[in-house]
Amino acid sequence: MQKKIQSALISVFYKDGLEPIARQLQQLGITIYSTGGTQQFLEGLGITCVSVESLTTYPSILGGRVKTLHPAVFGGILGRRYEPQDLAEMKQYNIPEIDLVIVDLYPFEETLKNTDEEKAIIEKIDIGGPSMIRAAAKNFRDVAVIAAREDYAALEQLLVSGKGELSLEQRRAFAAKAFEVVMQYDIAISNYFNPLQEQVLRYGENPHQKAVFKGNLSEIFTQLNGKELSYNNLVDVDAAIQLIGDFSNAKEAVFGIIKHTNVCGIAARVSVKESWDAALAGDPESAFGGVLVCNKAINAATAQAINEIFFEVLVAPSFDEDALVILKSRKNRILLQLKDSGFKTTRMVKSVLNGSLEQDSDTGNYEKWEEVGGRPATETEKANLVFANIVCKHLKSNAIALVRDMQLVGKGCGQTSRVDALRHAIEKAHQFKFNLDGAVLASDAFFPFNDCVQIAHAAGIQAFIQPGGSVRDKDSIDYTVENSLAMVMTGTRHFKH
């Protein structure tokens, strides 16, 4: 639906780049409404304007805080040309139709960079500008809106090619951009009034790197003991809390050990002490200097066992008093009491190149449970497969997790091939004398060939869980059918880089 632009309201802070589009509007015979500095600028160019004050019958008041906030302005922007009632009311109150709104907001973020003076900052919070942008964007069926200087040239070209007309698709596109501009503007203001706490860390990932943490850790946990959390501590604590969050509803006690964000030991048992013993047995070498996490309260017996090794951090929902006495025997040992054992981040942000990537967190474990192997998985295997799949999700890709009796007995992570990850997992299991007969395997991504299934089977693995999705899925499935092995496909990949 084409729309002939017959009137435009222009109110901008920065005037650079405005002249060409303003002259184009004048050439097309479009009535221009303006106010304040924008009006003076345009009239200085010899471009005729109608003052907004002539519409509102009010001058700019309160030091310029109130200029356009008036029904005569917003009625002209929001009036629906297809609604007879709107048109009748606009006629009754002498409200002219406004077909185009060009607004450049007060430079709030630039002001923040240049001054700490609150008065100057507050005065750069635009009120009328965002309101006009939102009104015009909402009424895109009848009104076009330009909310960014970089769109002046695009508008000029469209007006020239369309002889003063804009299509519905073009107006909708400008509206979408306008809402984005206002959203970012509001976020900047919100961040100013709700600043993230900034904590200067001792150093970054390495001693020669400076680092800060921006956030409010007290919302997530209470530190009961120990030194200040380091950059690497925070990274591993995040990995630990994300891991244990996947077991927040588990009836069993689950104990995990994190090293360089990877799970190096984890087990589920009836008691906390038993789960700690089993988790540590999975890889006692890697556990040294690790971050420990549990989904249940830490008791004295468990604290006594944990106290025998060196670790950086222990995270748990609660600690018995006698357990704290034992664990606080080392003043630098960090003890964190979770405020919500089911805490999970919903968004992930990562800096790349000259920008950042943002994505949903990997909160799902599997979207389907499709048994495609040579036999159904037993109930014991099913429990182990679910456990292994969760653990594998928290390993760096390419990742393989080997589980037996709800205990991680071998893992391969951060490998450049899935076969290497599997070989590493099997080697780890053998290093610590685990019998893999009857164990299960989880893979973070599909098997591109059947070599992994063959190698794992030769080591004693009897059941597999993987997302599937390879063009050669059938090769692995056929092998499990021929050898009476269980295989579950989940449809959910768990890459982690």
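Here the residue numbers are simple positions, counted from 1 along each chain's written sequence. Since the coordinates come from a predicted model, pLDDT governs what is reported: local features require at least 70, and pairs of side-chain atoms require 80 or more to be given and counted, while whole-chain, interface and lining totals use all residues. Values shown for side chains rest on all heavy atoms present in the structure; no hydrogens or waters enter the calculation.

Student: I'd love a proper account of the environment of Trp-369, names of residues and values included.
Tutor: Relative to the helices and strands, Trp-369 is located in the loop between strand S17 (355–360) and strand S18 (370–371). Only protein chains enter the accessibility calculation, which uses a 1.4 Å probe; a residue whose area is less than 20% of its type maximum is buried, one above 50% is exposed, and one in between is partly exposed. Here Trp-369 falls in the partly exposed class, since its relative accessible area comes to 27%. Separated by 120 residues in sequence, Trp-369 and Met-489 place their C-alpha atoms 6.1 Å apart. In what follows, residue pairs with any heavy atoms lying within 4.5 Å of each other are defined as contacts. Apart from residues no more than four positions distant in its own chain, Trp-369 is found in contact with Lys-382, Leu-385, Val-386, Ile-465, Val-488 and Met-489. Side chain to side chain, Trp-369 and Glu-371 meet in a polar contact 3.1 Å long. Put simply, DSSP H or I for four residues or longer makes a helix, DSSP E for two residues or longer makes a strand, and each gets a number counted from the N terminus. Polar contact criterion, stated in full: a pair of N or O atoms within 3.5 Å, where within protein one must be able to donate a hydrogen and the other to accept it, and residues adjacent in sequence count only if both atoms are side-chain atoms.

Student: Kindly report on the pattern of salt bridges, identifying the contributing residues and their values.
Tutor: When a carboxyl oxygen of Asp or Glu is within 4 Å of a side-chain nitrogen of Lys or Arg, the pair counts as a salt bridge. Tallied over the entire structure, the rule returns 24 salt bridges. Here Lys-411 makes a salt bridge to Asp-283, at a shortest N to O gap of 2.5 Å. With Lys-411 in strand S20 (residues 407–412) and Asp-283 in the loop between helix H12 (272–282) and strand S13 (291–294), this pair connects stretches of sequence that are 128 residues apart. Judged by relative accessible area, which is 0%, Asp-283 ranks as buried. Between Arg-472 and Asp-475 there is a salt bridge, with the nearest N and O atoms lying 2.8 Å from each other. Classification of Arg-472 by relative accessible area gives partly exposed; the value is 39%. One network of salt bridges, in which partners are shared, links Lys-3, Arg-81, Glu-97 and Asp-99.

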